[in-house]
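This is what each chain is made of:
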Amino acid sequence: MRPSEAAHLAREALARGDSAQAGAIAERLLAEFASYPPARLVRALLAEQANDSDSALDDLRAVTSVEPTNAEARAAQARLFQRRGDTDRARMAARQAVELVPTDPEVLATALEILNVEADSLETSAAVLARVHLNCGWPDLAERHARAAVTESPERVDVRLTLAEALWRLGRLPACEAECRVVADQAEECVRAAVMRAHILSERGRTAEGQELLDRIGRIDPEFREARELLGTLEVHRLVLPGAVEVSLPPEILRQSNGSDNPSAESPPAGGADSSAAPAAEPTPANVERERLAEFSGESADQTLPPPTDRDLPESEVSDDADASSPSAGDDAPVAPEPLRRDDSAGPQESPDVGEPSADAAPRTAEDATADSVAADDEPTAGASFSTFDWARHLIEQSEWTEAVRVLTDIVAANDPDEARVDGLLLEAVAHRELRGSAWKLLGDHYMQTGRPQAAADAYLRAANVAGRSTG
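Note that the structure is a prediction, hence the values are computed from the model and not measured.

(A) Layout of the overall build of the protein chain. Secondary structure summary: the protein chain contains 26 helices and zero strands in total. Taking the intrachain contacts of the protein chain between residues at least 6 apart in sequence as the baseline, contacts between residues at least 24 apart amount to 58%.

Spelled out as structure tokens, the structure:
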């Protein structure tokens, strides 16, 4: 699975109080990507729960070095500083969290509690205006307010990064590079500043240096999410985004996430157990493939693959079923009614007596057998089924733009509860010129569905800009 999907599992485990699983997933991610922000944030929150403020603050410093605009990390810092009695630093971190315009109500509530103010009592600062204007696609206004905010708080690296991005979007690359260097002095691993610097290097003809810098970002942001978001707004660029990586979690962690460590879920019911459930417990090739794809896609096995048919079962099982219903069993043997298969589309039918063919049945010809064989070959096998997300990526890879837009539209309409997963897929689509306008529009729709109106306004404006360039 993708690192972001594994991090999402860790956050779910943390939310339900399963600290052991959350910590195991975070450590597994950090073993491969030592500075991965979502994993370090989970570890920091676990350390905060364990009253280990030193370790928590160390991880939070690493997170804010990579993502200076991470409002949740700033709010966590504020809580830890307040616990230590450092009121001034707690209020400073809480003020930063508020001015980063957080979309998480819990983050905002934490910051307001530490500042001891009501939401409607907050003063509008230059930093807030700069951030709002940048999110809405107005970089000229964002630059004006960001410069005022930098003058008020020159130590604020998040404000400096906002100014650098506003300059980058305005095409003022030398000024942007100067601000990015200041950001790098304060936050050495800032991914957003590194992406802008890589693009600036490539625009100056130093594409190899820019590509090398972009490749180094993969150690921190293995899915290149921020690079895809920023570079996807450009009409054209010379940089090549590496393919997304995957991380494998140990089976015991996945079993915990699926709840299969519960003994009642594994042991069969006492007494009269339903014999029809027995084949499901057998490790048949079809079941193994269903479980593997379900773990990869994050969906249940029933959603990922169709129910197994006779072609998916071992020969021994098929022959046993055939013998049970064969006319050769004798007229005296009790005959169980044949269950209706899930793939029978014709509905219930009256079966003739065993061993006696229907009088109305027409004799089968060679042409009928050939047609059945072709139809069977055209049916998808169990291992060839994809989740909707996998199918969308496959269509994009094959440059099937029209069909990809249709599938992406269906994904947004389905309103998947995993917001980050949908965000990542649409941001990947934005990186392709042929999908850019439609993907920005769908991203705006998704932001509105998930309660992020400011981000939605930015996405809609980008979609309008793409449409204007295509018609101009």
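From this point on, the discussion continues.
(B) Quick look at the packing of aromatic side chains. Applying the stated criterion across every chain yields a total of one aromatic pair. Residue placement shows arginine 421 over the ring face of phenylalanine 389; its charged tip is 3.9 Å from the ring centre.

(C) Region of interest: the environment of aspartate 410. With respect to the element layout, aspartate 410 can be found in helix α23 (residues 401–414). The exposure class assigned to aspartate 410 is partly exposed, which follows from its relative accessible area of 40%. Taking the C-alpha atoms as reference, aspartate 410 lies 8.9 Å from threonine 388; in sequence the two are 22 residues apart.

(D) Spotlight on the nonpolar core. Of all hydrophobic cores here, the largest spans 46 residues; its most connected members are Ala6, Ile25, Leu29, Leu60 and Leu249. Judged by nonpolar contacts, the second largest core, of 38 residues, contains Ala193, Leu213, Ala227 and Leu239.

(E) Representation of the side chain of threonine 450 within the structure. You can see threonine 450 is positioned in the loop between α25 (436–449) and α26 (453–471). Of the polar contacts made by the side chain of threonine 450, one reaches the backbone oxygen of tyrosine 447; its length is 3.3 Å.

(F) Up close: the packing of helix α9 (residues 139–152) against helix α10 (residues 157–169). Where α9 meets α10, the axes come as close as 8 Å, and the angle between the chain directions of the two elements is 150°. Relative to α10, the element α9 is oriented roughly antiparallel. The way α9 lies across α10 gives a crossing that is left-handed. Where α9 abuts α10, its residues Pro139, Ala142, Glu143, Ala146, Arg147, Ala149 and Val150 lie against Val159, Arg160, Thr162, Leu163, Ala166, Leu167 and Arg169. Broken down by class, the residue content of the contact of α9 with α10 amounts to nine nonpolar, one polar and four charged.

(G) Seen up close, helix α12 (residues 191–203). The terminal C-alpha atoms of α12 lie 19 Å apart, and with 13 residues this matches the ideal 18 Å at 1.5 Å per residue to within 8%. Taken as a whole, α12 has its buried residues at Val191, Arg192, Ala193, Ala194, Val195, Met196, Ala198, His199, Ile200, Leu201 and Ser202. Buried residues belonging to α12 abut α4 (53–66), α10, α11 (173–186), α13 (207–217) and α14 (225–231). Taken from the residues just after α12, glycine 205 is the one with a positive phi, measuring 85°.

(H) Region of interest: the pattern of salt bridges. Under the defined criterion, the tally for this structure stands at 34 salt bridges. The shortest N-O distance in the salt bridge between glutamate 99 and arginine 156 comes to 2.9 Å. Pair noted here: glutamate 99 is in helix α6 (residues 87–99) and arginine 156 is in the loop between α9 and α10, with a separation of 57 residues, a long-range link. No difference in accessibility class separates glutamate 99 from arginine 156, as the two residues are buried. Its salt-bridge partner being glutamate 235, residue arginine 433 comes within 3.2 Å of it at the nearest N-O pair. One end of the pair, arginine 433, is in the loop between α24 (419–430) and α25; the other, glutamate 235, is in the loop between α14 and α15 (251–257), with 198 residues separating them in the sequence. Glutamate 235 sits in the partly exposed class, given a relative accessible area of 36%.

(I) Representation of helix α1 (residues 3–15) within the structure. Its 13 residues place the ends of α1 18 Å apart at the C-alpha level, agreeing with the 18 Å of an ideal helix rising 1.5 Å per residue. Among all positions in α1, only Pro3, Ser4, Glu5, Ala6, Ala7, Leu9, Ala10, Ala13 and Leu14 are buried. Phi turns positive, to about 85°, at glycine 17, one or two residues after α1.

(J) Looking closely at the confidence of the model for the protein chain. For the protein chain, the mean per-residue pLDDT works out to 77, and 71% of the residues sit at or above 70. Of the regions scoring below 50 in pLDDT, residues 292–363 engages in 54 contacts with residues more than four places distant in sequence or in other chains. For residues 365–384, every residue scores under 50 in pLDDT, and the model assigns this stretch nine contacts once sequence neighbours within four places are set aside.

(K) Geometry of unusual backbone geometry. Phi at phenylalanine 224 is positive, roughly 55°, even though this residue is not glycine. Among the structural elements, phenylalanine 224 can be located in the loop between α13 and α14. For phenylalanine 224, a relative accessible area of 4% corresponds to the buried category. Phi is positive for asparagine 415, which is not a glycine, with a value near 55°. For asparagine 415, the position within the fold is in the loop between α23 and α24. Accessibility expressed as a relative area gives 39% for asparagine 415, which makes it partly exposed.

What counts as what
- Residues numbered from 1 in each chain as written.
- Predicted model: local features only at pLDDT ≥ 70, side-chain atom pairs only at ≥ 80, totals over all residues.
- Heavy atoms only, no water.
- Helix = DSSP H or I, 4+ residues; strand = E, 2+ residues; numbered from the N terminus.
- Contact = heavy atoms within 4.5 Å.
- Phe/Tyr/Trp six-rings, centres within 6.5 Å; stacked < 30°, edge-to-face > 60°.
- Lys NZ or Arg CZ within 6 Å of the ring centre and 35° of its normal.
- Buried < 20%, exposed > 50% of the residue type's maximum accessible area, 1.4 Å probe, protein only.
- Core = buried A, V, L, I, M, F, W, Y, C linked by side-chain atoms within 4.5 Å.
- Polar contact = N/O pair within 3.5 Å; in protein donor to acceptor, adjacent residues only side chain to side chain.
- Axes fitted to C-alpha atoms, helices over the stretch in contact; angles between N-to-C directions.
- Parallel < 35°, antiparallel > 145°, perpendicular 65-115°, else oblique.
- Left-handed = near helix turned anticlockwise from the far one by under 90°.
- Nonpolar A, V, L, I, M, F, W, Y, C, P; charged D, E, K, R; others polar.
- Expected span 1.5 Å × (residues − 1).
- Salt bridge = Lys/Arg side-chain N within 4 Å of Asp/Glu carboxyl O.
- pLDDT = per-residue confidence, 0-100.

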